[in-house]
Every structure is written in C-alpha cells, then in structure tokens.
Amino acid sequence: MKALVYHGPGNKSWEDVPDAAVQEPTDVVVRVDTTTICGTDLHILQGDVAAVTDGRVLGHEAVGTVTEVGAAVRGFAAGDRVLVPAITKCGRCVYCQRGMPSHCATVGGIGWIFGHLIDGTQAESVRVPYADTSLYAVPPEVTNEQAIFLADSLPTGYEVGVLAGEVRPGHTVAVVGAGAVGLSAILTTGLWGASRVIAIDTNKFRLSTAMDFGATDVVEAGPNTVADVLAMTDGLGVDVSIEAVGYPDTLRTAAALVRPGGTIANIGVHGVAVELPMQDLWIRNVKLTMTLVDTVSIPTLLTMVASGRIPAEKMGTHTFGFDQIDEAYDVFANAAANEALKVVITSNG
Ligand SMILES: NC(=O)c1ccc[n+]([C@@H]2O[C@H](COP(=O)([O-])OP(=O)(O)OC[C@H]3O[C@@H](n4cnc5c(N)ncnc54)[C@H](O)[C@@H]3O)[C@@H](O)[C@H]2O)c1
Ligand SMILES: [Zn+2]
Ligand SMILES: [Zn+2]
C-alpha cells in the first residue's frame, strides 16, 4: 500500500510500505477513505516531536471502511464505515475509567498514538488497536466530509474550550485564535447558550469565517485587543476566555479578558514557558483550565452533526486526492495565503 512516511525534519514522501495488517486480536484494519492534516503534523515535520522517528507513517484522523477484523473484536465487522479518532483507548486503565483516555496507560501512556507512536492514517490503510473501545460507527446521515473533523478539531474546541470553560446560558465568550480549533469552539459555544461570542484573530479571512461559524462579534488582534473587548462588555470582560493559538502573548490576552469569577480555557499547545500576571489574577476568582483532548464527546458531536445542528463540513475548504498529498500539505501549511481552514484528502480524489 501507499502511505505518507516521515523521513526526519522537512522530509516526507508518499511511498510504498508494507500493508497494514491485524497484529493483535483486538485490532482491525481500516481502509482510509478520507483523512486530513493537523497543525501537529506540521510540528512533526519541523522536528518538534522527538517521539516521531524516521519511517513513521503520519496522520491521526480518518474516516474509512473496516477491511479486516481481529479475533477478539466484537463491535465491528468488515464493511463498517467508521471514524478513527486521534485518541486510541483501552477502556479499562485507570485513566480510561476516569473518562480521560488522552492518557490511556495501555496504548502508550498517551492516547495519541497514530502518526506518533504507531503508523498513522495518511495512508491507504491503517491498523487500529483496541478497535472496540476506540472506533465509532458513522451514522448514515453523516458524510465522510463531516465526520473527518470529529476525529480531532471539533472535539478539541468543544471539550478543551467550551466544556472545560463551562460555557453556560447567557455567557459572553471570547475565543482568541479562529483557526480550525477556535472555530470549532465557536461552532459549539451556541450549544450551551452563549449570548455573545467574540472572535479574535489577526487574520481577516478567519474573522469573517468566525461570523459564519456563529461568532456575534469580531476583533482584529492588535495593541487594543483587550480595551476593545472590555468596551464591548461594559468594562467587565467575558465569562469564558478561550485561548486557541498557543503563544505566551495570546494566553496573556485571554487572561486579561476574563471577568471576576470567569474561566480561562487554554487549548493552545505551548512550546515555551508562559508568565501570567498572578498579582492581578489572584483576586479575581478566575479558573485556568488546560487539557489534552480526550475525544470522549464524539458520540454527542456525531448526533449533533446527524441532526443538522453542527455543520461540520464547513471546516473543509480544500479537497485533494492521496496522489496530491504534497499539495495538500503546502496549502495547509500556508493556510492564510490560501484562505484554507482544513483540507480534506480522499482516496479517490
Ligand atoms: N489541547 C489539545 O488537545 C489540542 C488539540 C489540537 C490542537 N491544539 C492546539 O490548538 C491551537 C490551535 O490549533 P489550530 O489547528 O486551530 O491552529 P491554527 O494555526 O489553524 O489557528 C491559529 C489561529 O490563531 C491566529 N493567530 C495567530 N496569532 C494570533 C494572535 N497574536 N492573536 C490572535 N490570533 C492569532 C491565526 O491567524 C489562526 O487563525 C494550536 O496551538 C494547537 O496545537 C490543542
Ligand atoms: Zn491533531
Ligand atoms: Zn486506557
């Protein structure tokens, strides 16, 4: 089969590799019909993720069809259309039982194993360990082009932003960073009845997209961001401030926007230490949350997509075939210039 193989920083190639096969009785093999690229894949290609070594097949998001089933698998059969999420889980370890499979102790000490610790989903087929507890059947009402965004970005914005931030009816919410993840938070904030959702980004295309995804207001990020948001909220600030960029400055902005009693929900992956003004924050009864996505909200999100309440397909701005995967990476890596959010990569182009 063909797969996108990592060959050290800056190097990848779509090449022949051994076919994915069942290795353990709890495995299945899924033919990948649809996949996508995550910002994390770009970090890997920059050499930022040391655990990813030469020869690893990239990717951790897929929708596909089960082609081979291990002897112990009970819930899936050949021909089933399934969502392969970013997180793999055994369902039994101490973290899985706490509803925190992002740290599944059995699959690798971390639930994110595809394209990281084992071969990933940017391939014609992928081996899925612990299939019974990890895969989700895709309802017939949900298309591949919708389901693919439930593998990672939508659960991240929803779980790490909206749920961790405890958005409640009537709340005012700020989302710093309107990329795929921030937009996913914006898209799902309405489910909890937020009255105002203020999107903040440096990029005008992302801001206009944010309005289309349910933001009520936008602020172009700059020196006056905090003053602008305070002016919009009677000087009070927001109830929930979601950070979806991953820089020290953007987390400090998110922290400066929250009103007393509110929550700062950090989604961003941070590569360096962040200094926060604790001398201002301690007296404001604020909460700061940070989470690695668990993807446990996928059943809820699938139901909401199936009923038409979440238009997940809006996330995909460009479509490519597997044979154009290099072009897909180029478009995604230069998302601003290409007015791209997420790319959809399909087996048949
Ligand atoms: N916690 C988790 O489990 C988890 C999972 C997935 C992704 N993430 C992280 O979430 C973050 C967002 O991911 P993404 O895929 O949406 O990234 P992205 O690069 O697509 O989006 C980031 C957005 O931030 C905007 N931005 C850049 N600088 C800004 C600034 N100074 N002020 C305001 N906006 C600014 C960009 O224009 C862009 O729209 C990343 O840090 C990613 O690593 C976390
Ligand atoms: Zn990802
Ligand atoms: Zn586990």
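Report on the accompanying structure. No experiment lies behind these values; they were computed from the predicted model shown.

## Regarding the overall build of the protein
Summing up its helical and strand segments, the protein has 13 helices and 15 strands in all. The C-alpha atoms of the protein give 20 Å as radius of gyration, which agrees with the globular expectation for 349 residues (20 Å, within 12%). Taken over the C-alpha atoms alone, the protein extends approximately 60 × 40 × 40 Å along its principal axes. Once local pairs closer than 6 in sequence are excluded, the contacts in the protein between residues at least 24 apart make up 69%. With an accessible surface of roughly 14,200 Å², the protein has 52% of that area assigned to carbon and sulfur atoms. Counting 21 positive and 38 negative side-chain charges, the protein places the averaged centre of each group 7 Å from the other.

## Regarding the site of ligand 1
Taken together, 24 residues form the shell around ligand 1, and within it V181, D201, R206, V245 and V293 come nearest. R206 is positioned with one of its side-chain polar atoms (N or O) 2.9 Å from an oxygen atom of ligand 1. Secondary structure elements with two or more residues in the shell around ligand 1: α6 (180-189) and β9 (196-201).

## So, the pattern of salt bridges
Under the criterion given, the structure shown has twelve salt bridges. Residue R127 pairs with D27 through a salt bridge whose shortest N-O separation is 2.8 Å. Of this pair, R127 sits in strand β6 (residues 125-128) while D27 sits in the loop between β2 (12-16) and β3 (28-35), and the two are 100 residues apart along the sequence. The salt bridge involving K342 is made with E61; its shortest N-O contact spans 3.2 Å. Placement of K342 in strand β15 (residues 342-346) and of E61 in the loop between α1 (39-45) and β4 (62-69) is noted, with a sequence separation of 281 residues between them. K342 gets classed as buried once you look at its relative accessible area, which sits at 3%.

## Focus on the coordination of the zinc ion (ligand 3)
Surrounding the zinc ion (ligand 3) are the protein donor atoms C90 (SG), C93 (SG), C96 (SG) and C104 (SG), at 2.3 to 2.4 Å. Each of the four donor atoms bound to the zinc ion (ligand 3) contributes to angles spanning 103 to 115 degrees, and the resulting shape is tetrahedral.

## Brief notes about the pairing of β9
Buried residues dominate β9, accounting for five of its six residues. Strand direction decides the pairing type here: strand β8 (residues 172-176) and β9, joined by five bridges, are parallel. Considered in β9, the bridge of V176 is made with I200. In terms of handedness, the path from β8 via α6 over to β9 forms a crossover that is right-handed. With four bridges joining them, β9 and strand β10 (residues 217-220) adopt parallel strand pairing. From the neighbouring strand, I198 faces β10, where its bridge partner is D217.

Reading guide: rules and limits
Residues numbered from 1 in each chain as written. Chains lettered and ligands numbered in written order. Predicted model: local features only at pLDDT ≥ 70, side-chain atom pairs only at ≥ 80, totals over all residues. Heavy atoms only, no water. Helix = DSSP H or I, 4+ residues; strand = E, 2+ residues; numbered from the N terminus. Rg over C-alpha atoms; globule rule 2.2 N^0.38 Å. Contact = heavy atoms within 4.5 Å. Areas by Shrake-Rupley, 256 points an atom, 1.4 Å probe, with all protein chains shown as cover. Lys, Arg positive; Asp, Glu negative; His and termini not counted. Charge placed at Lys NZ, Arg CZ, Asp CG, Glu CD. Near = heavy atom within 4 Å. Polar contact = N/O pair within 3.5 Å; in protein donor to acceptor, adjacent residues only side chain to side chain. Salt bridge = Lys/Arg side-chain N within 4 Å of Asp/Glu carboxyl O. Buried < 20%, exposed > 50% of the residue type's maximum accessible area, 1.4 Å probe, protein only. Donors = N, O, S within 2.8 Å, 3.2 Å for Na, K, Ca; no water. Tetrahedral: all angles 85-135°; square planar, octahedral: opposite > 155°, others 65-115°. Pairing = 2+ DSSP bridges. Right-handed = clockwise from strand over helix to strand, strands pointing away.

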